[in-house]
Amino acid sequence: MTYIEYVCDAINNIDSRVPIYTRQISERAAQYYDISVKEAAAAISVALKRIMDNGTIPELRFYQK
């Protein structure tokens, strides 16, 4: 599973109108991929940027950096 697929799956499993914190997704991804949280955070950030740029999940909005 790619990071983009992992993030899309994680986002789709969160209830609508609930804030999504990349830190939480990064911590779970670190365990899933057996990498450090720092590496996971970088990978998840890139994956989220690509998801936003491509409109993969059109309902997704960016509110804070």
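For every chain, the first residue of the written sequence is number 1, and numbering continues from 1 along that sequence. The predicted origin of the model limits local features to residues at a pLDDT of at least 70 and limits the giving and counting of side-chain atom pairs to 80 or more, whereas totals for whole chains, interfaces and linings rest on all residues. Side-chain measures here rest on the full set of heavy atoms in the structure, leaving out hydrogens and waters.

**Focus: the packing of aromatic side chains**
Classification of ring pairs uses Phe, Tyr and Trp, with its six-membered ring standing for Trp, and accepts pairs whose centres are within 6.5 Å; under 30 degrees between planes counts as stacked, over 60 as edge-to-face, and the remaining range as tilted. Under the defined criterion, the tally for this structure stands at 4 aromatic pairs. Centroid distance Tyr6 to Tyr33: 5.6 Å. Interplanar angle 65°. Geometry classified as edge-to-face. With Tyr6 in helix H1 (residues 3-12) and Tyr33 in helix H2 (residues 22-33), this pair connects stretches of sequence that are 27 residues apart. Here a set of aromatic residues connected by ring pairs shows up, and it is made of Tyr3, Tyr6, Tyr32 and Tyr33. Secondary structure elements are taken from DSSP: a helix is a run of H or I of four residues or more, a strand is a run of E of two residues or more, and numbering for both begins at the N terminus.

**Focus on the packing of H1 against helix H3 (residues 37-54)**
Convention adopted: a line fitted to C-alpha atoms gives each axis, helices being fitted over their contacting stretch, and angles between N-to-C directions are expressed from 0 to 180 degrees. Where H1 contacts H3, the axes come no closer than 9 Å and their chain directions differ by 75°. Relative to H3, the element H1 is oriented roughly perpendicular. Residues Tyr3, Ile4, Tyr6, Val7, Cys8 and Ile11 of H1 pack against Ala43, Ile44, Ala47, Leu48, Arg50 and Ile51 of H3. In terms of residue class, the contact of H1 with H3 is built from 11 nonpolar, no polar and 1 charged. An angle below 35 degrees is treated as roughly parallel, one above 145 as roughly antiparallel, one from 65 to 115 as roughly perpendicular, and anything else as oblique. Contacts are assigned to residue pairs with any non-hydrogen atoms lying within 4.5 Å of each other. Under the grouping applied here, Gly and all other residues not named as nonpolar or charged are polar, the nonpolar ones being Ala, Val, Leu, Ile, Met, Phe, Trp, Tyr, Cys and Pro and the charged ones Asp, Glu, Lys and Arg.

**Looking at the pattern of salt bridges**
Salt bridge, as applied in this entry: a Lys or Arg side-chain nitrogen positioned within 4 Å of an Asp or Glu carboxyl oxygen. Per the counting criterion, the structure on display carries 2 salt bridges. Put simply, Arg23 and Glu27 hold a salt bridge, and the shortest N to O gap is 3.2 Å. Separated by 4 residues within a single helix, Arg23 and Glu27 lie in helix H2, roughly one turn from each other. Of the residues examined, Arg23 reaches a relative accessible area of 52% and is grouped as exposed. Partly exposed residues are those whose accessible area sits between 20% and 50% of the maximum for their type, while under 20% is buried and over 50% is exposed, using a 1.4 Å probe and protein chains only. The exposure class assigned to Glu27 is partly exposed, which follows from its relative accessible area of 38%.

**Section: H3**
Over its 18 residues, H3 runs 25 Å from end to end, which matches the ideal 26 Å to within 8%, given 1.5 Å per residue. The complete set of buried residues in H3 reads Ala40, Ala43, Ile44, Ala47, Leu48 and Ile51. When H3 is viewed along its axis, its buried side chains cluster within an angular range of 140° and face the same direction. Structural note: H3 exposes Lys38 and Asp53 on the side pointing more than 90 degrees away from its buried face. Residues of H3 that are buried make contact with H1 and H2. With its phi angle positive at about 70°, Gly55 sits one or two positions after the end of H3. Helices are assigned an expected span. That span is 1.5 Å times one less than the residue count. The reported arc concerns the directions from the helix axis to the C-beta atoms and nothing else.

Purely geometric numbers; function is a separate question.
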